[in-house]
Amino acid sequence: VQLQASGGGLVQAGGSLRLSCAASGRTFSSYVMGWFRQAPGKEREFVSAISRGGGRSTYSDSAKGRFTISRDNAKKTVYLQMNSLKPEDTGVYYCAADRFRPSLSYSGTSYDLWGQGTQVTVSS
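Residues numbered from 1 in each chain as written. Predicted model: local features only at pLDDT ≥ 70, side-chain atom pairs only at ≥ 80, totals over all residues. Heavy atoms only, no water.

1. Structural notes on the environment of Ala63
(1) Moving on: Within the secondary structure, Ala63 sits in the loop between strand 6 (57-59) and strand 7 (67-72).
(2) Moving on: The spacing of Ala63 and Leu104 is 41 residues in sequence and 16 Å in space, taken between C-alpha atoms. (Helix = DSSP H or I, 4+ residues; strand = E, 2+ residues; numbered from the N terminus.)

2. A closer look at the packing of aromatic side chains
(1) Moving on: Scanning all chains against the criterion turns up six aromatic pairs.
(2) Moving on: Centroid distance Phe28 to Tyr31: 6.4 Å. Interplanar angle 70 degrees. Geometry classified as edge-to-face.
(3) Moving on: Its relative accessible area of 3% is what places Tyr31 among the buried residues.
(4) Moving on: Ring plane angle 65 degrees and centroid distance 6.4 Å describe the contact between Tyr111 and Trp114, whose orientation is recorded as edge-to-face.
(5) Moving on: According to the relative accessible area criterion, Trp114 is partly exposed, its value standing at 26%. (Phe/Tyr/Trp six-rings, centres within 6.5 Å; stacked < 30°, edge-to-face > 60°. Buried < 20%, exposed > 50% of the residue type's maximum accessible area, 1.4 Å probe, protein only.)

3. Concerning the state of the cysteines
(1) Moving on: Throughout the structure, instances matching the rule amount to one disulfide.
(2) Moving on: Covalent S-S linkage joins Cys21 and Cys95, the inter-sulfur distance amounting to 2.1 Å. When the S-S torsion is 60 degrees, as for the bridge of Cys21 with Cys95, the disulfide is right-handed. Of this pair, Cys21 sits in strand 3 (residues 17-23) while Cys95 sits in strand 9 (residues 91-98), and the two are 74 residues apart along the sequence. (Disulfide = S-S within 2.5 Å.)

4. Digging into the sheet that holds strand 3
(1) Moving on: With antiparallel pairing, the four strands of this open sheet are ordered in space as 1-3-8-7. A single partner strand is all that each edge strand has here, and the edge strands are strand 1 (3-6) and strand 7. If you compare each strand with its neighbour and ignore which way they point, the axes differ by 15 degrees on average.
(2) Moving on: When strand 1 meets strand 3, the two strands line up antiparallel, connected through four bridges. Paired with Ala5 across the two strands is Cys21, which belongs to strand 3. (Pairing = 2+ DSSP bridges. Axes fitted to C-alpha atoms, helices over the stretch in contact; angles between N-to-C directions.)

5. Quick look at the nonpolar core
(1) Moving on: Judged by nonpolar contacts, the single largest core of 27 residues is most densely connected at Met33, Trp35, Phe67, Leu80, Met82 and Tyr93.
(2) Moving on: When contributions to this core are tallied by element, the ones reaching two or more residues are strand 1, strand 3, strand 4 (32-38), strand 5 (45-50), strand 7, strand 8 (77-82), strand 9 and strand 11 (118-123).
(3) Moving on: Ranked by the residues each element gives to this core, the list is headed by strand 3, at four residues.
(4) Moving on: Apart from residues lying up to four places away in sequence, Met33 is in contact with Leu3, Cys21, Phe28, Ser48, Ala49, Ile50, Ile69, Arg71, Val78, Ala96, Ala97 and Tyr111. (Core = buried A, V, L, I, M, F, W, Y, C linked by side-chain atoms within 4.5 Å. Contact = heavy atoms within 4.5 Å.)

Pasting the structure below:
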């Protein structure tokens, strides 16, 4: 099973981006999916997570109200719609899968499968 993130780019502050993460394999609907990011010189941080069926989601305080996570299990893809972007949102964004637990975790150690990351740069 692999995860492939895409959709990053350069955007001005206040702009929007939509990240996608496509999964291979046949059991995507059984994974809790999460998004994390890592800014230069900083530790990786949690952004958002969504339940297996898509009915529950959670966000970091910095993402709440601006970002929306969603998933399409038929397409085996999870999305992160990011609006009102700020320069501090700059970083490499990673999608991740927790293949074993149904709960939504903020901790990266709960996720056992990671995508390669996509760069998001927000200019001021």
